[in-house]
Amino acid sequence: MFKSILLLILISVLSSCNNKKIDFAIVVHGGAGTITKASMSNEMELAYNQKLEEAINTGYKILEKGGTSLDAVESTIKILENSELFNAGKGSVLSNEEIVEMDASIMNGNNLNAGAISGVRTIKNPISAARLVMEKSDHVFLSGIGAESFAKSKGLEIVNNEYFITQRRLNSLLNAKKRDTLNDNKFGTVGCVALDKLGNIASGTSTGGMTNKKWNRIGDVPIIGAGTYANNNTCGISSTGWGEFFIRNVVAYDISSQIEYKNLSIDIAAKNTLNKVKNLGGSGGIVGIDKYGNIVMDFNTDGMYRALKKSDGSFDIKIYR
Ligand code: GLY
């Protein structure tokens, strides 16, 4: 009897620790896949770590000064889009036609507003275009030339497609074409979730999609509920992985739903959803923050570029499992 009471007290203390409200927090990913220590040079590892640190610090400083989670997410993702290291913005993977076509989305957990764009070739920062769709249009999702005209009309920077193309991605495309494959198990999508001092959660995701894609293929990233989801009552999620499987499992919303309807923790909910992805043959990962500031960074691949920072002093940057 005495032991049972002690156990109950321990469980309630532990769960209240888990639900202790963090003032603000931010988490970022730079893609998941077959990323192993053995396949990474010291220089590349350092470059990834430095860029992840720059990105997370950018968003963190905005939150620290009382800025919004949306501003933190957009600014953090822009740093990664402007870096050649990740599959988003400059450095995006190439399609079968040797061009870059990008997708992005963003969501505001405070009012469930969302914006997305797909198949764009000239918008320097797709995440900013997604935000403008959310805030300055009557729509949620614009695509292709229309999305580009919209972005231009709102003053966003437009560049030639060549701006995005790097030798590294050209080599990957040539390899993929030789092997006649789409999936190289490297998903360099970038994403960010932030919780601000007012308790508002925002999520965003940006990608060049998959190497050697054809027929204007669109993945999970611009699909609200698959690549990105945010709801102040549950959590924010950003996905990275084999998009077709993330669409079929409605990954980001599936995690939020388990919190909403089953009262599960964000860790367990993410694990359940990623297991569903794996059981169908897919792979990838997610980052997320729940309404209490608990952070999850989970994946079913060898590695995922990732970083977190919280107002309680927690700070972590990791690449491998
Ligand atoms: N997750 C990125 C894509 O499949 O396009």
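Refer to the structure above for everything that follows.
Values in this document were obtained by computation on a predicted structure and should not be read as measured data.

Caption draft 1: Summary view of the packing of aromatic side chains. Summed over all chains, the structure comprises 7 aromatic pairs. Here Phe-24 and Tyr-60 contribute two aromatic rings whose centre-to-centre distance is 5.1 Å and whose plane-to-plane angle is 45°, an arrangement assigned as tilted. Here Phe-24, found in the loop between helix H1 (2–18) and strand S1 (25–33), pairs with Tyr-60, found in helix H2 (residues 42–64); they are 36 residues apart in sequence, far enough to count as distant. Classification of Tyr-60 as buried rests on a relative accessible area of 10%. Ring geometry for Tyr-48 against Tyr-305: centres 4.1 Å apart, planes inclined by 15°, an arrangement best described as stacked. Separated by 257 residues along the polypeptide, Tyr-48 in helix H2 and Tyr-305 in strand S12 (residues 303–310) bring together distant segments of the chain. The positively charged end of Lys-90 is found above the aromatic ring belonging to Tyr-163, 4.6 Å away from the centroid. Lying across the ring of Phe-315, Lys-309 places its NZ or CZ 4.8 Å from the centre.

Caption draft 2: Fine view of the site of the ligand. Around the ligand, the structure places Thr-189, Gly-209, Arg-217, Gly-219, Asp-220, Val-221, Gly-241 and Gly-243. Backbone polar atom of Gly-243 to an oxygen atom of the ligand: 2.9 Å apart, as the coordinates give it. Within the complex, the protein chains bury 99% of what would otherwise be the 200 Å² of accessible surface of the ligand. By residue class, the composition of the shell around the ligand is 1 nonpolar, 5 polar and 2 charged.

Caption draft 3: Spatial organisation of the sheet that holds strand S9 (residues 235–241). With antiparallel pairing, 4 strands are arranged side by side in an open sheet as S8-S9-S10-S11. The sheet terminates laterally at strand S8 (228–230) and strand S11 (295–299), the two strands that pair on one side only. Pairs of neighbouring strands in the sheet enclose a mean axial angle of 10°, with direction left out of account. Sheet analysis places S8 next to S9, joined by 3 bridges and oriented antiparallel. Counted as the bridge partner of Ala-230 is Gly-236 from S9. Seen against the sheet, helix H8 (residues 251–262) touches S8, S9 and strand S10 (284–290) and runs at an angle of roughly 145° to S9.

Caption draft 4: Fine view of the packing of H2 against helix H3 (residues 69–81). Taken N-terminus to C-terminus, the directions of H2 and H3 make an angle of 160°; their axes are 8 Å apart at the nearest point. Regarding the angle of H2 to H3, the classification is roughly antiparallel. As H2 packs across H3, the resulting crossing turns out to be right-handed. Every residue of H3 that contacts H2 at Lys-51, Glu-54, Ala-55, Ile-56, Thr-58, Gly-59, Ile-62 and Leu-63 is listed here: Ser-69, Asp-71, Ala-72, Ser-75, Thr-76, Ile-79 and Leu-80. Classifying every residue of the contact of H2 with H3 gives 7 nonpolar, 5 polar and 3 charged.

Calculation rules
By convention here, each chain's residues receive numbers from 1 onward along its written sequence. In keeping with the model being predicted, local features are shown solely for residues with a pLDDT of at least 70 and side-chain atom pairs are shown and tallied solely at 80 or more, while totals for entire chains, interfaces and linings include all residues. Heavy atoms throughout the structure, all of them, feed into the side-chain values; hydrogens and water do not. Each Phe, Tyr or Trp ring (for Trp, its six-membered ring) is paired with any other whose centre lies within 6.5 Å, and the angle between the two planes then decides the class: stacked below 30 degrees, edge-to-face above 60, tilted in between. Counting from the N terminus, the helices are DSSP H or I runs at least four residues long and the strands are E runs at least two residues long. Each residue is placed in one exposure class: buried if its accessible area under a 1.4 Å probe, protein chains only, is under 20% of its type's maximum, exposed if it is over 50%, and partly exposed if it falls in between. A positively charged side chain is recorded as over a ring if its NZ (Lys) or CZ (Arg) lies within 6 Å of the ring centre. The angle to the ring normal must also be within 35 degrees. Each residue is tested against the molecule or strand, and it is near if at least one of its non-hydrogen atoms lies within 4 Å. The definition of a polar contact used here is a pair of N or O atoms within 3.5 Å, where within protein one atom must be able to donate a hydrogen and the other to accept one, and adjacent residues in sequence count solely through side-chain atom pairs. Under the convention used here, a 1.4 Å probe and the Shrake-Rupley method define accessible areas, while residue burial counts only the protein chains that appear. Nonpolar residues are Ala, Val, Leu, Ile, Met, Phe, Trp, Tyr, Cys and Pro. Charged residues are Asp, Glu, Lys and Arg, and all others, Gly as well, are polar. Paired strands, as defined in this entry, are two strands with at least two bridges between them according to DSSP. Helix axes are fitted to C-alpha atoms over the stretch in contact, other axes to C-alpha atoms as well, and angles between N-to-C directions run from 0 to 180 degrees. Only heavy atoms matter for contacts: two residues are in contact if any of them lie within 4.5 Å across the pair. Should an angle fall under 35 degrees it is called roughly parallel, over 145 degrees roughly antiparallel, and 65 to 115 degrees roughly perpendicular, with every other angle called oblique. Note: crossing handedness is left-handed where the near helix turns anticlockwise from the far helix by less than a right angle, and right-handed where it turns clockwise.

Purely geometric stuff here, so don't read any function into it on its own.
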